[in-house]
Amino acid sequence: MLRAPTRRTPGRQRAGLLRRLVRDRVLLLFAVPGIALILGFQYLPLLGNVIAFEDFQPFLGIRDSAWSGLANFAVLVNGDPAFLRALTNTLVLTLLQAVFVFPAPILLALLLNSLFSERIKRIAQSILYLPHFMSWVIVVALFQQMLGGSGLLNNVLRAHNLATLDIIGNSDLFRVLLTSQVIWKDTGWATILFLAALSTIDSQLYEAASVDGAGRWRQLWHVTLPGLRGVIILLFILRLGDSLTVGFEQIILQQQAVGRDVSEVLDTYVYNNGVVAGQWGVAAAVGLVKGLVGVALVLAANKVAHIFGEEGVYSR
Amino acid sequence: MPSMPPMQRISRRTFLGGGLTAAAVTVTGAPLLTACGSSGADTSAANLAVTLPTYKRYAGVAPDLPATDRVLAGFLRYPAHPVRAISEKPGDGKPISFLTNIPGAIPPAAGRNPFWQAVNERLGSPLTISMASNDDYPKKFATQVAGGDLPDLVNIPPTTVELPALLKAKCHDLTRYLSGDAVAKYPFLANIPTEYWKGCVFNGGIYGVPVPRGMSRTSLPLYRVDLLAAKGIKRPAPASFAEFLDLCKEVNDPKRHRWAWTKPPTDYVRQMLGIANNWAQHGGKFTSKYEQEANLEALEATRRMVAAGVVNPDAFSADASARKQWFNGGVAVFDLDSFVAWNQYYATNTAGDAFAVDMLDVPGYSGGQGKPWMGAALNNITAFAKSAKHSVETMLAVANWMAAPFGTEEYLFRKYGLAGRHYTLEGTDPVPTKTGVVETGIGLQYVCDADMALYWAGKPDVAKRQHAIQQTIAPRLLFDDSYGLYSETMSRKYAQLSAVLLDVENQIVQGRRPVSSWKDAVKSFLSQGGEQMRTELAKAHADAARR
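Residues numbered from 1 in each chain as written. Chains lettered and ligands numbered in written order. Predicted model: local features only at pLDDT ≥ 70, side-chain atom pairs only at ≥ 80, totals over all residues. Heavy atoms only, no water.

Draft legend 1. Region of interest: the sheet that holds strand 13 (residues 378-384) of chain B. Residue and element names in this part refer to chain B. Strand order in this open sheet of five strands is 2-1-3-13-6, and the pairing throughout is mixed. For this open sheet the edge positions go to strand 2 (127-133) and strand 6 (209-212), each flanked by a neighbour on one side alone. Mean inter-strand twist for the sheet, computed between neighbouring axes without regard to direction, equals 25 degrees. Summarising the sheet, strand 1 (residues 96-102) and strand 2 pair through seven bridges and their orientation is parallel. Each bridged residue has a counterpart across the sheet, and for Thr-100 the counterpart in strand 2 is Met-131. Along the sheet, helix 4 (residues 137-146) makes contact with strand 1, strand 2 and strand 3 (153-156), crossing strand 1 at roughly 145 degrees. Strands strand 1, strand 2, strand 3, strand 6 and strand 13 of the sheet are contacted by helix 15 (residues 392-402), whose axis makes an angle of about 155 degrees with strand 13. (Pairing = 2+ DSSP bridges. Helix = DSSP H or I, 4+ residues; strand = E, 2+ residues; numbered from the N terminus. Axes fitted to C-alpha atoms, helices over the stretch in contact; angles between N-to-C directions. Contact = heavy atoms within 4.5 Å.)

Listed below in C-alpha cells is the structure:
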C-alpha cells in the first residue's frame, strides 16, 4: 500500500496506450499473478453478495434460492433492536479505537526513537512485536488465565483474603478490556511503519532546529511530527476503510460471558444470524451495507486529505 | 398452497438517518417475495401418514437390572461370550465419508490409530471421518452445508435451521427401505424403538436413522461422591432449593480453588419449579418453557447462587470441554449433565480409583418433589447424502452394524476396541486403557446407536447407581410435547430466538440485568416467532390426534 509519490512525467502521459503496453510488457507480466490473485480471491467472491437479495438457503445454492428483492434490507431501517444494538456497539468501539488504539503506536515509536542505545531499542522492539504473532484465541486465553475469575490474579487475592476483581466477563468493563487487548497485541507491530518514517527524516533538519535554539519538545513539534504527517494520514484513511470492523474473532471468543448487549457488533451480528442461525440473506445484507459504508468513508477521507493538500491513499 | 412466512412490517420503521432514507423507500416500494419452504399444512399430515419402521426387539442378553419403557437396562458384567451378530462386512470397499461431533479429545488420525484401522477392516470400507467438538459442531455443520460439501453420512443436529428443506434437497428419502416391515432387513435398526423414528420423519418420509438418547440424555446434577465424602457428606438429598443452596455453600471452597458448580444450573432450578420441558401441551394448547411465570423465580434463585459465589467465576466464559476438566480435576463438584456424560467422566477420570459420580434427584422448589425433564429423544439423525457414491443399502448396512446392541461382539468392539491395546479383560469386563479411551473416540456412536445400556466395565456400582436414580425419577418425568410435531417457524427461527433468550438469561443470573427484563425478552420471543410456533404446534398436534 505504501509507495513513493508518483511523478507525473508529461512524456509518459502522451505516449500511446499500445506503445506503453509494449514497452512495459515485462513489468506487466510480473503483475499478472498478483492481479489474477486479487481478481480471483477479492473481486470474484464479491459476486456472492447477491445472496443479500435472496432468501438464501445454502443447500439450494445461489441459483435455486428464492429471490426476495430488498426484503433482507428491511432490518436496516425498521428499527430492529438487535441490529441497532449491533450498530451502536460498533460505532462506540470504532470511536474508542480511533482515540486510544490508533495513536498508541505513534507514541511508542517516538519513545523507541528517543532511546539512545541501539541494543536496548532492538530488544524492546522484538519483545513488543511478539504479541502480534499470537492468534486471538491465545491472547484471549492468556487474559483469561491472568485476570479471569479463577485466574492468577484473583487466586493470589483470594489466597490473601482480599476482595477479588471482576474483570473478565464483566460487561461494564468489556470495552475497556477489548481496547486494552488490541493495544497489548498490536501496538508494537504497528510501530514498524512509524519507525521507518522516522528514519527518513533528514537529520540536518534536527541540526538546523537545534542551531536555531529549539529544544527537544520544539523539535518534536516542528520536525518529527510534520515528518510523520503523511504516513499518519495515510494509515488513518486506510483504518477508516475497515473502521466498522472492530475485531470479530476477539469479540466472538468473549461474547458468551458479557452478553450481546455490549458485545454484539455488526460482524458478530452477521455471524450469529447468518452462519449460526441460518438467516443468510439478512446477514449478507447487513455485511454488504457495512462494506459500502467502509468504501464511502475511505473515499470521503481521501477527498478531505486532498483538500488539505495531502497525498492520501491515491492521488487524482 | 405453500405457507408464507410473515412479511417484515415496514410500517413501524424508524429511519437511521438521511443516507438510509432512500434505501427505505426502495424497500417499501419493492415487492416482498418470501420463500416458499416446504408446505406447512400438508407436511404435518404427510408426516403423520408415514408408516414408521416396525419395532422388533433383538433377543440379546438378559439384563441384570431390568428395563422399563423409561428406565434403561443395566448390566453388572459384560456377557461372557459375546455373539458376533453380523457375519458379512457391510461396506462396499469404497471409502465412506462421515461428518460428526465428538464429545472427547481429538483422537489420532486413521494412519496412527489401530482402532480406526480395525474399524475400516471390519466395515469393509475405509471410513473418513471429519470431527468437531460438541460445542463447535452446529457451526461446523452449518459452514460445511454452506460450502456445499456434504459427506456420505451426515450427522445432523435436530436443531438445524430449515432441516426439512435441507434433507429434501440433499439427502435420500429412506422410506421405502425402512417403512413398516422393510426395516426387518436391518435387524438392529428394527431394534430401535418406534418413538425414536418419529424424529426422523420430514417432508412425508423417513430421512435418516436415529441416534437415540431419551432417558440417557436426561440431565440432572452429577456430583463427585469422593469430594463430598471428604467433607463428610454422604448421599445428599436436598429437599428444597434452600437446602440445595446450603449444600452448594457447604462444598464451595474458592480458597482451595474449588467451587460447587461448573455452571449456573438454571434448568435444574426450573425443574424444581415444574417448568415445562421445552414445550408443554395441555388440552391442545402449547406453552413454551420460557413464557411460564415461574421462570422469574428460577432466574432469581439462580442469580442468588451466582451471587453467593458457588458457581465457578469463569463459568460464563468457559466452553463445555473446560467445564468437564473442572469436574474431573475437582475444580467443581457439581455439573448438570446426563448419563452419557456420567460414563464419559469415568472414561476420562484423572482423579484415581477413589473417583466416583452420582446424581441428585429434583426436589420441589420449596419442598416436595420436582419434575425432572426427560432427555431429548435424539442426539442427532444421520442422513445419507444424495451425492454419496454408495447404494442406500450399503449405508443402511453400515448404520445397522453401528446399532448392534450391548452384549454383541460388534458392540464390544465398537465401544471398547481391541483386547490388549484398548482394554484389558478383567473377568469378562473390558476395562478401557488410556489409549483405548483416546483411540476409540472417533464418533462411531453418531452414525447410529442402540439404546444406551447402563454399564461400566469393572465397576458394577456405576450401573447400580444409574439404574437406581432412573427408577426414582421415572414416574415424574416431563416430556417435550413438541417432539415429532412439525412447525415451519420452529425449524426456521428457534435456534436464533432461543440463543437470544439464553444470552438474556446469562446476563440476568450474573446480576447484570434485572430479573424483570426476562418478561420483555419473552415478549419479543413470542412476537418474533413464538406465537407462530405455538399455533403451528397446536395444529400439528390436532392433526396427530385426529388419526
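Draft legend 2. Spotlight on the pattern of salt bridges. By the definition in use, this model includes 29 salt bridges over all chains. With its nearest N and O atoms 4.0 Å apart, the salt bridge here joins Arg-122 of chain A to Glu-118 of chain A. In this pair, Arg-122 of chain A and Glu-118 of chain A are both assigned in helix 8 (residues 118-129), four residues apart and thus about one turn of the helix distant. Using a relative accessible area of 57% as the deciding quantity, one classes Arg-122 of chain A as exposed. Given a relative accessible area of 44%, Glu-118 of chain A falls into the partly exposed group. Three or more residues are tied together by salt bridges with common partners; here these are Arg-213, Arg-414, Lys-415 and Asp-449 of chain B. (Salt bridge = Lys/Arg side-chain N within 4 Å of Asp/Glu carboxyl O. Buried < 20%, exposed > 50% of the residue type's maximum accessible area, 1.4 Å probe, protein only.)

Draft legend 3. Quick peek at the packing of helix 19 (residues 488-509) of chain B against helix 20 (residues 517-546) of chain B. Residue and element names in this part refer to chain B. Running from amino to carboxyl end, helix 19 crosses helix 20 at an angle of 165 degrees, the nearest separation of the two axes being 10 Å. When the axis of helix 19 is compared with that of helix 20, the two are roughly antiparallel. Handedness of the crossing formed by helix 19 with helix 20: left-handed. Counting all contacts with helix 19, which are made through Glu-488, Thr-489, Met-490, Lys-493, Tyr-494, Leu-497, Leu-501, Val-504, Glu-505 and Ile-508, the residues of helix 20 involved are Ser-517, Trp-518, Ala-521, Val-522, Phe-525, Gln-528, Gly-529, Gly-530, Gln-532, Met-533, Glu-536 and Leu-537. The residue makeup of the contact of helix 19 with helix 20, split by class, is twelve nonpolar, six polar and four charged. (Parallel < 35°, antiparallel > 145°, perpendicular 65-115°, else oblique. Left-handed = near helix turned anticlockwise from the far one by under 90°. Nonpolar A, V, L, I, M, F, W, Y, C, P; charged D, E, K, R; others polar.)

Draft legend 4. Structural view of the UniProt feature "transmembrane region" (unreviewed entry) in chain A. Residue and element names in this part refer to chain A. The UniProt entry lists residues 26-44, 91-115, 127-147 and 280-301 under the feature "transmembrane region" (unreviewed entry), expressed in the numbering used here. Secondary structure across residues 127-147 divides into 71% helix and 0% strand, with the first and last C-alpha atoms of the span separated by 21 Å. A distance of 32 Å separates the end C-alpha atoms of residues 280-301, which is 100% helix and 0% strand. (UniProt positions renumbered as here; feature names shortened; annotations may be inferred.)

Draft legend 5. Broad picture of the environment of Ala-544 of chain B. Counting through the fold element by element, Ala-544 of chain B comes out in helix 20. Separated by 264 residues in sequence, Ala-544 of chain B and Ala-280 of chain B place their C-alpha atoms 16 Å apart.

Draft legend 6. Just the UniProt feature "domain: ABC transmembrane type-1" (unreviewed entry) in chain A, in detail. Residues given the UniProt feature "domain: ABC transmembrane type-1" (unreviewed entry) here are residues 87-301 of chain A. Secondary structure across residues 87-301 of chain A comprises 76% helix and 0% strand; the distance between its end C-alpha atoms is 21 Å.

Draft legend 7. View of the domain arrangement of chain B. All names here are of chain B. When the domains of chain B are assigned, the result is domain 1 (90-213 + 378-453) and domain 2 (219-373 + 479-546). Placing the centre of domain 1 and that of domain 2 at their C-alpha centroids yields a distance of 28 Å. Tallying the contact residues gives 17 residues for domain 1 and 17 residues for domain 2. Here domain 1 and domain 2 share an interface that buries about 1,300 Å² over both sides, 54% of which is from carbon and sulfur atoms. Taken as a group, Asp-135, Glu-162 and Met-452 account for 34% of the area that domain 1 buries against domain 2, more than any other trio of residues on that side. Counting across the interface, domain 1 meets domain 2 through one salt bridge. One salt bridge in this structure joins Arg-492 and Glu-162, with 2.4 Å as the shortest N-O distance. Along the contact surface separating domain 1 from domain 2 lie seven residue pairs in polar contact (both at pLDDT 80 or more). Elements that contribute at least two residues to the side of domain 1 that touches domain 2 include exactly helix 5 (163-170), helix 8 (194-197) and helix 17 (434-439). The class makeup of the residues in the side of domain 1 that touches domain 2 is eight nonpolar, three polar and six charged. (Domains from an automatic or database assignment. Buried area = accessible area lost by both parts, 1.4 Å probe. Polar contact = N/O pair within 3.5 Å; in protein donor to acceptor, adjacent residues only side chain to side chain.)

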